[in-house]
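Each chain, letter by letter, is given below.
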Amino acid sequence: MSIPAIELMTALRSGQATSPRLTWYGPDAERVELSGRVLDNWVAKTSNLLQDELDAEPGTRLRVDLPAHWKSVILALAAWQLGMEVVFGDAEAELLATADPAPGAAQGAFDAVVAVALPALAMRWPGALPTGVVDYAAEVRSHGDVFMAHVDPEATRRAVLASTGTAHTHGDLLDGFAAAHDAGVRLLVAAGDGLESALAQSLGAWHGDGSVVLVHPDVVVTEKLLADERVNGN
């Protein structure tokens with residue numbers, strides 16, 4: 001069975017696959033540009049990591065305790081492609097993705113913890129990790145470039161539990177949770193508004209065959225940046 005997240009990833013890797021779909025501006029002059037094909041590749045690898053290494057399946061809850069960032073967007077897309085539920089805030093979950101895997105902070109609260117190093121060129125977590133914590137940067141690249149679900153996802157399952165407590169199903173992901181945008185938009189998304197907002201804005205842009213420029217709060221959005229990235233519409 002297909003769900004909107006799977007259909008979205010199919011569209012991103014098939015239509016204008018070499019065009020930019022997600023561009024990240026981060027601190028220290030970071031700029032990461034992912035085409036539709038490359039974005040799909042990262043999402044597939046991450047879905048495979050979640051499924052094969054962490055035993056995730058449709059209905060498994062993933063708390064994404066991360067800022068808006070290209071890696072946190074990929075983790076959410078990967079979870080949705082698998083049929084998982086993404087939760088925010090202090091909501092209960094089986095899995096945790098975090099940039100702060102402090103020893104004991106999540107002990108016993110989750111079945112597994114994934115440590116996500118945010119610097120663009122990080123190949124592994126900088127330093128020692130608590131026992132049992134999965135190093136996302138070190139592990140994700142070894143997983144397959146194509147994702148095949150072990151269990152068919154269901155459109156009626158929950159895809160999102162928002163910080164407000166509002167829930168959206170997988171069938172409602174692109175028409176309920178996602179924000180509405182003009183078709184073909186090249187959308188500027190402020191990372192400072194938080195991951196939940198960034199995901200809703202990005203999904204809406206991609207749903208209309210558009211693309212996203214995600215900008216860290218420390219990056220000044222200049223007229224040159226807007227022009228260089230051809231930001232347009234809303």
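Before reading further, recall that the structure is shown in the block above.
Owing to the predicted nature of the structure, the values given are computational and were not obtained by experimental measurement.

Calculation criteria
Residues numbered from 1 in each chain as written. Predicted model: local features only at pLDDT ≥ 70, side-chain atom pairs only at ≥ 80, totals over all residues. Heavy atoms only, no water. Helix = DSSP H or I, 4+ residues; strand = E, 2+ residues; numbered from the N terminus. Rg over C-alpha atoms; globule rule 2.2 N^0.38 Å. Buried < 20%, exposed > 50% of the residue type's maximum accessible area, 1.4 Å probe, protein only. Contact = heavy atoms within 4.5 Å. Lys, Arg positive; Asp, Glu negative; His and termini not counted. Charge placed at Lys NZ, Arg CZ, Asp CG, Glu CD. Axes fitted to C-alpha atoms, helices over the stretch in contact; angles between N-to-C directions. Parallel < 35°, antiparallel > 145°, perpendicular 65-115°, else oblique. Left-handed = near helix turned anticlockwise from the far one by under 90°. Nonpolar A, V, L, I, M, F, W, Y, C, P; charged D, E, K, R; others polar. Arc of directions from axis to C-beta. Core = buried A, V, L, I, M, F, W, Y, C linked by side-chain atoms within 4.5 Å. Pairing = 2+ DSSP bridges. Phe/Tyr/Trp six-rings, centres within 6.5 Å; stacked < 30°, edge-to-face > 60°.

## As for the overall build of the protein chain
Phase 1 of the analysis: A tally of helices and strands in the protein chain yields 7 helices and 11 strands.
Phase 2 of the analysis: Taken over C-alpha atoms, the radius of gyration comes to 17 Å for the protein chain, in line with the 17 Å a tight globule of 234 residues would show.
Phase 3 of the analysis: Principal-axis analysis of the C-alpha atoms gives the protein chain an extent of 50 × 40 × 35 Å.
Phase 4 of the analysis: When the 234 residues of the protein chain are sorted by exposure, 52% land in the buried category.
Phase 5 of the analysis: Across the protein chain, every contact between residues at least 6 apart in sequence was considered, and the portion connecting residues at least 24 apart equals 68%.
Phase 6 of the analysis: Taking the average location of the 15 positive side-chain charges in the protein chain and that of its 31 negative ones, the two points are 6 Å from each other.

## A short note on the packing of helix α1 (residues 4–14) against helix α2 (residues 36–54)
Phase 1 of the analysis: Running from amino to carboxyl end, α1 crosses α2 at an angle of 140°, the nearest separation of the two axes being 7 Å. One finds that α1 runs oblique with respect to α2. Here α1 and α2 pass one another in a crossing that is left-handed. In contact with M9, L12 and R13 of α1, α2 contributes G36, R37, L39, D40 and V43.
Phase 2 of the analysis: Within the contact of α1 with α2, the residues separate by chemical class into 4 nonpolar, 1 polar and 3 charged.

## Here's the deal with α1
Phase 1 of the analysis: All of the buried residues in α1 are P4, A5, L8, M9 and L12. Buried residues of α1 fall within an arc of 135° about the axis and therefore sit on the same side.
Phase 2 of the analysis: Close packing links the buried residues of α1 with β1 (20–26), α2, α3 (70–82), α5 (173–177) and α6 (195–207).
Phase 3 of the analysis: Two residues or fewer past α1, Q16 is found with a positive phi of approximately 50°.

## Let's talk about the nonpolar core
Phase 1 of the analysis: Counting residues in hydrophobic clusters, the biggest one holds 63 residues, and the most contacted among them are L77, W80, L203, W206 and L214.
Phase 2 of the analysis: Per-element tally for this core: the top contributor is α3, with 10 residues.
Phase 3 of the analysis: Beyond its immediate sequence surroundings of up to four residues, W206 is in contact with L8, L12, R21, L22, L39, V73, L77, S211 and V212.
Phase 4 of the analysis: Counting 12 residues, the second-largest nonpolar core is a separate cluster that includes V87, A91, A93 and A122.

## Remarks on the sheet that holds β1
Neighbouring strands of a sheet are bound in pairs by backbone hydrogen bonds; such pairs are parallel or else antiparallel.
Phase 1 of the analysis: Reading across from one edge, β2-β1-β11-β10 is the order of the 4 strands in this open sheet, with mixed pairing throughout. Looking along the sheet, the strands with just one partner apiece sit at the ends: β2 (30–35) and β10 (186–190). Across the sheet, the mean angle separating the axes of adjacent strands is 15° when strand polarity is ignored.
Phase 2 of the analysis: Bridge count for β1 against β2 is 6 bridges, and the pairing is antiparallel.

## Notes on the sheet that holds strand β9 (residues 167–169)
Phase 1 of the analysis: The mixed open sheet is built from 7 strands, whose spatial order is β7-β6-β5-β3-β4-β8-β9. One side of each edge strand has no neighbouring strand; the edge strands of this open sheet are β7 (134–135) and β9.

## Observations regarding the packing of aromatic side chains
Phase 1 of the analysis: Per the stated rule, a full pass over the model turns up 2 aromatic pairs.
Phase 2 of the analysis: For the pair W42 and W70, a centre-to-centre distance of 5.1 Å together with 85° between the ring planes defines the contact as edge-to-face. With W42 in helix α2 and W70 in helix α3, this residue pair connects regions lying 28 residues apart in the sequence. This pair shows no difference in class: W42 is buried, exactly as W70 is.
Phase 3 of the analysis: Ring centres of W80 and F177 lie 6.1 Å apart, and the angle between their planes is 65°; on these two criteria the pair is classed as edge-to-face. Of this pair, W80 sits in helix α3 while F177 is found in helix α5, placing the two residues 97 residues apart along the sequence.

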